[in-house]
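# Examination of the molecular architecture
The chain contents come next:
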Amino acid sequence: MKRRKFIENICLATGCVFAVGGLVACEKEEVSSTKVDFSIDLNDVQYADLQQIGGFIIHQNVVIARLDASQYVAATVVCSHEGQKQIRWVGDQWVCLAHLAAFDIRGVGLNKHGAKGLTIYQTSLVGNLLRVYQSI
Ligand code: FES
């Protein structure tokens, strides 16, 4: 078996993808049934990017962004287009850096790559503790 065919077969079995002329490591996320429910302390220096409005962090495969003085939004980092972990908060929407899928604040797709929507999580702030969770 030729080397390229061998690699293609391995990638088909494991979920890798090919780019033009080369092999690219895939960041596909396996479908997980793990429920999102965690809290972060906004005073913790590792979340300093949330100190400014429009800032965001990624924690446990969730992107958390600050909307204003007291409102935060959260979404999965895994894009619904091809499963890459490249969702970011840009301006006032969720954008995947891989192929520029765009989603509104509620996770509704705004373009072709975003057609499947995006999983959005709930947030609640009590003191300096920000809880991120899935509503049932
Ligand atoms: S994987 Fe996100 S736009 Fe393609």
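Scope of this entry: the structure provided in the associated data block. Keep in mind that this is a model prediction, so the values were computed, not measured.

## Describing the overall build of the protein
If you tally the helices and strands in the protein, you get 1 helix and 11 strands. Counting helices and strands in the order they occur from the N terminus, the protein gives α-β-β-β-β-β-β-β-β-β-β-β. In the protein, buried positions account for 32% of the 136 residues. Within the protein, residue pairs in contact and separated by at least 24 positions form 36% of the contacts whose partners lie at least 6 positions apart. For the protein, the computed accessible surface area is about 8500 Å², with 53% contributed by carbon and sulfur atoms.

## Concerning the pattern of salt bridges
Counting across every chain of the model gives 2 salt bridges. Of the charged contacts in the structure, one is a salt bridge between Asp37 and Arg131, with a shortest N-O distance of 2.9 Å. Taken together, the residues span a long stretch of sequence, with Asp37 in strand β3 (residues 37–41) and Arg131 in strand β11 (residues 129–133) at a distance of 94 residues. Looking at Asp37, the relative accessible area reads 44%, which means it is partly exposed. Given the relative accessible area of 33%, Arg131 is considered partly exposed. Between Arg106 and Asp104 there is a salt bridge, and its shortest N-O distance comes to 2.6 Å. Among the residues examined, Arg106 registers a relative accessible area of 59% and is labelled exposed.

## With respect to the pairing of strand β10 (residues 120–126)
In this sheet, β10 lies alongside strand β6 (residues 72–76) in antiparallel orientation, the contact comprising 2 bridges. In the sheet register, Ala75 faces β10, and the bridge partner there is Ile120. The pairing of β10 with β11 spans 5 bridges and is antiparallel. Its bridge partner being in β11, Thr123 is matched across the sheet by Val132. From the end of β10 to the start of β11, which pair antiparallel, there are 2 residues, and Gly127 there has a positive phi angle of about 65 degrees.

Reading the values: the criteria
Residues numbered from 1 in each chain as written. Predicted model: local features only at pLDDT ≥ 70, side-chain atom pairs only at ≥ 80, totals over all residues. Heavy atoms only, no water. Helix = DSSP H or I, 4+ residues; strand = E, 2+ residues; numbered from the N terminus. Buried < 20%, exposed > 50% of the residue type's maximum accessible area, 1.4 Å probe, protein only. Contact = heavy atoms within 4.5 Å. Areas by Shrake-Rupley, 256 points an atom, 1.4 Å probe, with all protein chains shown as cover. Salt bridge = Lys/Arg side-chain N within 4 Å of Asp/Glu carboxyl O. Pairing = 2+ DSSP bridges.

By themselves, these observations are geometric and do not establish any function.
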